[in-house]
Amino acid sequence: MKRYWIVTGSITYALRGRDILRRAGFKASVERLTAQLGYVGCGYTIVLSGDIRQAEAVLKDAGVKILKIQEAD
Amino acid sequence: MIYLDNAATTGQKPQLVQKAVLNALRENAANPGRSGHQLSMKSAILVYKCREKLAEFFGASAPEHVVFTQNCTQSINCVLKGVLSPGDHVIVSSLEHNAVMRPLETLCRNREITYDMAEVIFDDLDATYRSFERLLRPETKMIFCMHASNVTGHVLPIAQIGELCRKKGIVFGVDAAQSAGMLPISMEKMKIDYLCIAPHKGLYAPMGIGVLIAEKPIPKTILEGGTGTDSVNFAQPNLLPEQLESGTVNLPGIAGVSAGIDFVSQKGIDAIYRHETALLEQFYDGLLEIPGVRLYTARPQMGRFAPVLSFNLRDDESMLVGQYLDRLGVAVRAGLHCAPAAHQRLGTIDVGTVRVCPSVFTNREEIDRVLFYLKKY
């Protein structure tokens, strides 16, 4: 199963997004952003295993602001 | 001590809250949302869970709309200074606390805004509503008012005013310092855009933590700095809640708020309100038997009053009665309660009032004891 980074604007959105995805049956966790994603400094990302299009739709429906999506592996 | 100054802050914090604060210091003492290590993440989750609880408790649409501040006054400043622009007109009530009046007056003296005060007609919610309605102007941007008076306990017709604001396209802010945790509040049902809360009162949390729930954007900030987001950028992020939370948040305080909501939820907000109103009814009836007592409201009534009661004895300065009770081990608040507008309305600006506010921990025997002391004054 493919893994993705879903970059949100803040730890609050990352945690909210994680909980929403988990409730929708996805495997999701939150990690600190790394330079690999093109970000330096503070920031958090959701790590998702599963269908990214479905996950993105679920998050957008819930009003979670997404800054960037990138394949992790 | 008999503590009846719970409108200033609940003097007795529940065990649940005490343990949560201590636990946050012992087990969760990392900076939330910053460092990214396990302990920091644990702290961040604690903060986030508290946002979730507050959003649910106050009928807000999302946890990211819950902002932690230093206190309710800061929450109010964030709204008034963050939302209003030059040329805007604001309507407030005639009973407002200085937490509202001082930032508003500052904006007014800087010639940025104008404001009017809507007369609160005691015991007539419809007439009070019409007072607000009459003051509307084309340039009215916001109605900002208290949910309940911190001097008399009078509840304002918040749901009606919210409906009016929605109909007219005006933003609606509420100072719930004296009602949150005591009276039911639903931001969705009452159409409140900005709710300002003092959790150290009705939610039994520690002091030093405030809450603002913002259902609409706040374009301007009153404090800028590190937020744990978008660190590479010098510009202040515009995403709530971090936009308004520059600097490290008060984690032990937030843990206390979280436990306070659990405490109030377990006891039941209606049960607490019933208990406190019953105590004030008892107190009110007892005061009526004391010669020379001055009361400023009708008998406390569920739905019409927050559990706060003001009185005076004869024409004495309220402070004298407060000091007398203090010597006997009774804590009340005497004076103007930072709400001179309310005292102008009551005609007590020169003497203030003695204010009594029970909590969930107050009992009937304590009320009887205070009445006994007052009879001997």
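Cut-offs and rules
Residues numbered from 1 in each chain as written. Chains lettered and ligands numbered in written order. Predicted model: local features only at pLDDT ≥ 70, side-chain atom pairs only at ≥ 80, totals over all residues. Helix = DSSP H or I, 4+ residues; strand = E, 2+ residues; numbered from the N terminus. Rg over C-alpha atoms; globule rule 2.2 N^0.38 Å. Buried ≥ 20, exposed ≤ 12 C-beta atoms within 10 Å, placed from the backbone. Contact = placed C-beta atoms within 7 Å. Core = buried A, V, L, I, M, F, W, Y, C linked by C-beta atoms within 7 Å. Domains from an automatic or database assignment. Axes fitted to C-alpha atoms, helices over the stretch in contact; angles between N-to-C directions. Parallel < 35°, antiparallel > 145°, perpendicular 65-115°, else oblique. Left-handed = near helix turned anticlockwise from the far one by under 90°. Nonpolar A, V, L, I, M, F, W, Y, C, P; charged D, E, K, R; others polar.

Participant: Honestly, the overall build of chain A in this entry has me stumped. Any pointers?
Facilitator: A count of helical and extended segments in chain A gives 2 helices and 4 strands. Secondary structure elements of chain A, listed N to C terminal, follow the sequence β-α-β-β-α-β. Taken over the C-alpha trace, chain A has a radius of gyration of 11 Å; the compact-globule value for 73 residues is 11 Å, and the two agree within 12%. The principal-axis extent of the C-alpha atoms belonging to chain A is close to 30 × 25 × 15 Å. When the 73 residues of chain A are sorted by exposure, 38% land in the buried category. When contacts within chain A are restricted to residue pairs at least 6 apart in sequence, long-range pairs at least 24 apart make up 66% of them.

Participant: Whenever I open this one, the nonpolar core confuses me. Can you help?
Facilitator: One broad rule of soluble globular proteins: the nonpolar side chains tend to lie buried together. Residues and elements named next belong to chain B. The biggest cluster of nonpolar side chains holds 134 residues, and the ones touching the most others in it are Leu195, Cys196, Leu212 and Ile213. Here this core takes 8 residues from helix 8 (residues 251–267), the largest share from any one element. Mapped onto the domain boundaries, this core takes at least three residues apiece from domain 1 (15–266) and domain 2 (268–375). If sequence neighbours within four positions are ignored, Leu212 has contacts with Val67, Thr69, Ser75, Cys78, Val79, Tyr194, Cys196 and Leu244.

Participant: Quick question: what am I supposed to make of the packing of helix 1 (residues 11–23) of chain A against helix 2 (residues 52–61) of chain A here?
Facilitator: To characterise two packed helices, one gives the angle between the axes of the helices and the distance between these axes. All names here are of chain A. Where helix 1 contacts helix 2, the axes come no closer than 10 Å and their chain directions differ by 120°. If you check the angle between helix 1 and helix 2, you find them oblique. Like other packed secondary-structure pairs, helix 1 and helix 2 cross with a definite hand, here right-handed. Residue-level inspection shows Gly17, Ile20 and Leu21 of helix 1 in contact with helix 2, the latter providing Ala55, Val58 and Leu59. Of the residues belonging to the contact of helix 1 with helix 2, the class tally is 5 nonpolar, 1 polar and no charged.

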